[in-house]
Protein chains: 2
Amino acid sequence: MGAAFFVRMEVVVRRAEARDVPRMLELVKELAAFERAPDEVTVTGQHMLEAGFGDHPVWVGWVAEVEGAIQGMAVCYERYSTWKGRRLYLEDIIVTDAARGKRIGEKLFLECARYAVGQNYSGMLWQVLDWNVDAIRFYDRFGASYSKEWLNGSLELDQLKNLAAL
Amino acid sequence: MGAAFFVRMEVVVRRAEARDVPRMLELVKELAAFERAPDEVTVTGQHMLEAGFGDHPVWVGWVAEVEGAIQGMAVCYERYSTWKGRRLYLEDIIVTDAARGKRIGEKLFLECARYAVGQNYSGMLWQVLDWNVDAIRFYDRFGASYSKEWLNGSLELDQLKNLAAL
């Protein structure tokens, strides 16, 4: 009679801390490259640090560690829907390419769901690129609903400054 | 030589106060009906009041008064983009149907732009229904950019509670 051994890599999900920001920004840039927009990441580590851990933090985050190394993250913030009230917006959920297949994304997503329930939010929402079929399949497993008829509009700071002068 | 008189209706835009919430919620419902989703407004006046003026306010708003009556409003909140940092999200900008054509929407929109500049945000963003050509034409006048390839995904509280128990 033999003994069967297998090594299970433990995934630890915990709230992000200030010291995690440099690695988190690396993951943000990895996702932006995948989303065909690598040059769109203009935020600095210092800004991200201040926005998460300064006097008026706007985001909360979680990191997933495997053997002490951060392989995934989620960043959320509170939004206000005039229809539904306070809700959680999942800005980014990222698992580094080399660490796929370990259900890290699922653990992060469930942690966000638990947070939303704990905060008494009315729901959780996010955006996904319409061609990102793997991500859509991931969200589908949780029973997600989608709406497709909304366009994202935006103005950048230089445009706003011109308008503000009117 | 005669004298020409004309009456100019003055539009006053000011920051929303707690006492404005009941009228603001009326306008929210008017917009939801126009957007073919009248039953989607489940937020109560009490919740909206708390979310704007309680201990941890999430939204800021402006109202437009014509002869002392509120005919328009804008509601915004701060968001965090992992690409662009702190930004202003324009959740709703509404002018009641009977008060169109007085450039009330423009005044509200410019007020939001000024606020975003004053807060040192990197930009302002919003969503618009792809069939709402009048709204798109309105935003176009300010030089807005659009992206069309993002889907909105969501989970409601009852679904989140089921996931949180996993």
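The coordinates are above.
Here goes a summary of the coordinates provided.

The rules behind each value
Note on numbering: residues in each chain are counted from 1, in written sequence order. Both sets of labels track the order of writing: A upward for chains, 1 upward for ligands. Local features are withheld for residues below a pLDDT of 70 in this predicted model, meaning they are given only at 70 or higher, and side-chain atom pairs are given and counted only at 80 or more; totals for whole chains, interfaces and linings count all residues. Remark: hydrogens and water are excluded; side-chain values derive from all non-hydrogen atoms of the structure. A side-chain nitrogen of Lys or Arg and a carboxyl oxygen of Asp or Glu constitute a salt bridge if their distance falls within 4 Å. Helix and strand definitions follow DSSP, with helices as H or I runs of at least four residues and strands as E runs of at least two, each counted in order from the N terminus. Under the scheme applied here, a residue whose accessible area is under 20% of the maximum for its type counts as buried, over 50% as exposed, and between as partly exposed, the area being computed with a 1.4 Å probe on protein chains only. Following DSSP output, two strands are said to pair if at least two bridges run between them. Interaxial angle, 0 to 180 degrees, is taken between N-to-C directions of lines fitted to C-alpha atoms, where a helix line uses only the stretch in contact. It only takes one pair of heavy atoms within 4.5 Å for two residues to be counted as in contact. Disulfides are defined as pairs of cysteine sulfur atoms found within 2.5 Å of each other. Each nonpolar core is a collection of buried residues, namely Ala, Val, Leu, Ile, Met, Phe, Trp, Tyr and Cys, held together in the definition by side-chain atoms within 4.5 Å. The directions considered for the arc run from the helix axis to the C-beta atoms. Using a 1.4 Å probe, buried area is obtained as the accessible area two parts lose upon being combined, added over both of them. Each polar contact in these results corresponds to two N or O atoms within 3.5 Å; when the atoms are within protein, one needs to be able to donate a hydrogen and the other to accept it, and residues that are neighboring in sequence are counted only if both atoms are side-chain atoms. Residue polarity follows a fixed list, in which Ala, Val, Leu, Ile, Met, Phe, Trp, Tyr, Cys and Pro are nonpolar, Asp, Glu, Lys and Arg are charged, and the others, Gly among them, are polar.

Next up on the list: the pattern of salt bridges. Evaluated as defined, the whole model comprises 32 salt bridges over all chains. For Arg-86 of chain B, the salt bridge identified is with Glu-50 of chain A, shortest N-O distance 3.0 Å. Here Arg-86 of chain B is found in strand β4 (residues 85-95), whereas its partner Glu-50 of chain A is found in helix α2 (residues 45-53) on a different chain. Given the relative accessible area of 34%, Glu-50 of chain A is considered partly exposed. What you see here is one network of salt bridges that share partners, running through Arg-14, Glu-17, Arg-19, Asp-20 and Glu-65 of chain A.

Attention now moves to the sheet that holds strand β3 (residues 69-81) of chain A. Note on sheets: strands pair through backbone hydrogen bonds, and any given pair is parallel or antiparallel. Read from one edge of the open sheet, seven strands run β1(A)-β2(A)-β3(A)-β4(A)-β5(A)-β7(B)-β6(A), paired in mixed fashion. In this open sheet, the two edge strands, each paired with only one partner strand, are β1 (11-15) and β6 (145-147) of chain A. The average angle at which neighbouring strand axes cross in this sheet is 30 degrees, direction not considered. Each of β5 (123-129) of chain A together with β7 (150-156) of chain B is contacted by helix α5 (residues 157-164) of chain B, which is oriented at about 70 degrees to β7 of chain B, the strand it contacts most.

Within this structure, the stated rule accounts for zero disulfides over all chains. Cys-112 of chain A supplies the cysteine sulfur nearest to Cys-76 of chain A, a cysteine that is in no disulfide, at a spacing of 3.7 Å.

So, about the nonpolar core. In this structure, Trp-59 and Tyr-80 of chain A together with Trp-59 and Tyr-80 of chain B are the most contacted members of the largest nonpolar core, which totals 50 residues. Aside from chain neighbours lying at most four places away, what touches Trp-59 of chain A is Ala-16, Val-21, Met-24, Met-48, Ala-51, Gly-52, Phe-53, Val-75, Cys-76 and Tyr-77 of chain A together with Tyr-80 of chain B.

Residue and element names in this part refer to chain B. Among the residues of helix α4 (residues 133-140), those classed as buried are Ala-135, Ile-136, Phe-138 and Tyr-139. Projection of α4 onto a plane perpendicular to its axis shows the buried side chains occupying an angular sector of 155 degrees, all on one side. α4 presents Asp-134 and Arg-137 as exposed residues on the side facing more than 90 degrees away from its buried surface.

Taken as a whole, α2 of chain A has its buried residues at Met-48, Ala-51 and Gly-52 of chain A. The buried residues of α2 of chain A occupy an angular sector of 90 degrees when the element is viewed end-on, so they sit on one face. Along its buried surface, α2 of chain A packs onto α1 (21-34), β2 (59-66) and β3 of chain A together with β3 (69-81) and β4 of chain B.

Attention shifts here to the pairing of β3 of chain A. Residues and elements named next belong to chain A. Most of β3 sits inside the fold, with ten of its 13 residues counted as buried. Between β2 and β3, which pair antiparallel one after the other, the connecting turn spans two residues, and Glu-67 there sits at a positive phi close to 50 degrees. Judged from the ten bridges that link them, β3 and strand β4 (residues 85-95) form a sheet pairing that is antiparallel. Opposite Ala-74, over in β4, you have Ile-93 as the bridge partner. Counted between consecutive antiparallel strands, the loop separating β3 from β4 contains three residues.

With that settled, consider the interface of chain B and chain A. Counting residues at the interface gives 70 residues for chain B and 70 residues for chain A. On the chain B side of the contact with chain A, Tyr-80, Trp-83 and Leu-151 of chain B bury the most area, a combined 13% of that side's loss. Two residues, Glu-91 of chain B and Arg-79 of chain A, come together in a salt bridge whose shortest N-O distance is 2.4 Å. In this structure, the connection of chain B to chain A is made through 46 residue pairs in polar contact (both at pLDDT 80 or more). When the residues that make up the side of chain B that touches chain A are grouped by side-chain class, the tally is 38 nonpolar, 16 polar and 16 charged. Sheet topology note: the strand β7 (residues 150-156) of chain A/strand β6 (residues 145-147) of chain B ladder contains three bridges and is antiparallel. Following the sheet pairing, Gly-153 of chain A is matched in β6 of chain B by Tyr-146 of chain B.

For the rest of this paragraph, the subject is the environment of Arg-87 of chain A. Tracing the backbone through its elements, the reader meets Arg-87 of chain A in strand β4. With relative accessibility at 5%, the residue Arg-87 of chain A sits in the buried group. Separated by 35 residues in sequence, Arg-87 of chain A and Ser-122 of chain A have C-alpha atoms that sit 5.4 Å apart. When residues no more than four places from it in sequence are discounted, the contact partners of Arg-87 of chain A are Tyr-77, Glu-78, Arg-79, Ser-81, Tyr-121, Ser-122, Gly-123 and Leu-125 of chain A together with Ser-154 and Glu-156 of chain B.

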